[in-house]
Amino acid sequence: MNQVVSKTINIIRFPLMLLIVVIHAYSPGDNTGFNYLQTFFSQVIARIAVPLFFIISSFLLFFNYSLNRSIIFEKLSKRVKTLLVPFLFWNLVVFGLYLLLQELPFAQKFSNSNLPVLSDLTFDEYLGFLFIHPIANQFWFIRDLMILVVLSPLIYLITKKTGILLSLIALILVSLPQLREFLEFKWPSLLFFNIGCFLALTHKSNYQYLIKGKVLGFLTLIYLIIAGFETWVYVGRQVYILFLHYLNIIIGLVIFWNIFLRAIDSRINGIFGKAGKYSFIVYAMHVPINVFVIRLSGLFLDMSFSGLVTRYLLAILLPVALSILSGKILDKIWPGFYSLIIGNRGQ
């Protein structure tokens, strides 16, 4: 793999994970000014993170891919360790955590209020929370990624013959309310996974070249204008204009990639490169901590603009800090176990 691309992927992992935390810090309220602020960052700007993770995951899967049985088996076996094992472990942990919170009267206010009474679930419902709609809800990404990995030989064949046709089909499907999800699978997952496959199979290096400064500045201006309009629409209607939403995501991906292409020889490379090894532990742990922080801060922060902004920042900073601290401690006292539960990443 080209070293420039490899270094860029390495340093953007942690910033992308920060954006994932920003998405989950969103908490609807009655303060209009604050709603515009958090919507701009959580529902618009940060929304480039998941698509870029799908593109990167697909690119890495299909790099040097072929329909050779040994290669397919090797890639699938590796992703059992990196995807399936952490998926099962963290869903079981979160299930146990929320079950405990529901059973303790003084702790119920800190649980996820959208959940049913977990102790009353049937076996089928329990399996549903584990595999179909994971109780650690951020793991829907891993669920969809595992489905796409299993389908990778078919996706490889179609992409090799038709390019980004699957992305265009997925874009049509996501625009139809009745077909927006299929058995919980989210069609945008296929949209961006196909793009990653296409980039890996073309063997072109255009995606490593810098866009000229003036062009990048113009794209950034267009991106921010559309982002502002999206924010205004979302606050007023709680919906996206899908064409604009995905167009702006693609523009944002280009901008984000180019910003970090320019940073590979700077101090940022070292900072984010080292922090990147904690990306998965932040991904796995941040949502329950985020729920706890939002519930707890509601007890001592008022609903003024400053109070809501403080709560928003705490819901971003504390989950990241506590997740990294937990990762450091686990890595020190039980490195083998830590490596297992983060999918053998960052070691």
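It should be noted that the structure appears before, not after, this text.
To start, this report covers the structure provided alongside it. Per chain, residues are indexed from 1 in the order of the written sequence. In keeping with the model being predicted, local features are shown solely for residues with a pLDDT of at least 70 and side-chain atom pairs are shown and tallied solely at 80 or more, while totals for entire chains, interfaces and linings include all residues. Side-chain measures here rest on the full set of heavy atoms in the structure, leaving out hydrogens and waters.

### Focus on helix α5 (residues 123-132)
Then, in step 1: Every buried residue of α5 is accounted for by Gly-128, Phe-129 and Leu-130.
Then, in step 2: Whether two residues touch is decided by their heavy atoms; if any such pair falls within 4.5 Å, the residues are in contact. Starting at the N terminus, helices and strands are each numbered in turn, a helix being any DSSP run of H or I of at least four residues and a strand any DSSP run of E of at least two. Packed against the buried residues of α5 are α4 (69-103). Exposure classes here rest on a 1.4 Å probe applied to the protein chains alone. A residue is buried below 20% of its type maximum, exposed above 50%, and partly exposed in between.

### A look at the pattern of salt bridges
Then, in step 1: Criterion for a salt bridge: a side-chain nitrogen of Lys or Arg within 4 Å of a carboxyl oxygen of Asp or Glu. For the coordinates displayed, the defined rule picks out one salt bridge.
Then, in step 2: Residue Asp-144 is joined to Arg-143 by a salt bridge in which the shortest nitrogen-to-oxygen separation is 2.9 Å.
Then, in step 3: The buried category is assigned to Arg-143, whose relative accessible area is 7%.

### Remarks on the packing of aromatic side chains
Then, in step 1: Put simply, two rings from Phe, Tyr or Trp (the six-membered ring, in Trp's case) pair if the centres are within 6.5 Å, and we call them stacked under 30 degrees between planes, edge-to-face over 60, tilted for the rest. The full count for this structure, using the stated rule, is 24 aromatic pairs.
Then, in step 2: Aromatic pair Phe-229 and Trp-232: ring centres 5.9 Å apart, planes at 35°, arrangement tilted. Residue Phe-229 and its partner Trp-232 are located together in helix α10 (residues 213-237), separated by three residues, close to a single helical turn.
Then, in step 3: Grouped by ring-pair contacts, the aromatic residues Phe-14, Phe-256, Phe-260 and Phe-272 constitute a single cluster.
Then, in step 4: Placement of a positive charge over a ring is assigned whenever Lys NZ or Arg CZ falls within 6 Å of the ring centre and within 35 degrees of the normal to the ring plane. The side chain of Lys-186 reaches across the aromatic face of Trp-140, ending 5.2 Å from its centre.

### Comments concerning the packing of helix α1 (residues 3-24) against helix α3 (residues 49-62)
Then, in step 1: The geometry of α1 relative to α3 is characterised by a closest axis approach of 10 Å and an angle of 145° between their N-to-C directions. Crossing geometry of α1 relative to α3 is assigned as left-handed. Residues Val-5, Ile-9, Ile-12, Arg-13, Leu-16, Met-17, Leu-19 and Ile-20 of α1 touch α3, and the partners they reach there are Ala-49, Val-50, Leu-52, Phe-53, Ile-56, Phe-59 and Leu-60.
Then, in step 2: For this classification, Asp, Glu, Lys and Arg are treated as charged, while Ala, Val, Leu, Ile, Met, Phe, Trp, Tyr, Cys and Pro are nonpolar and the rest, including Gly, are polar. Counted by class, the contact of α1 with α3 contains 14 nonpolar, no polar and one charged residues. Between N-to-C directions, angles cover 0 to 180 degrees, with each direction set by a line fitted to C-alpha atoms, over the stretch in contact for helices. Helix crossings get a hand from a simple test, with the near helix turned counterclockwise from the far one by less than a right angle marking a left-handed crossing and a clockwise turn marking a right-handed one.

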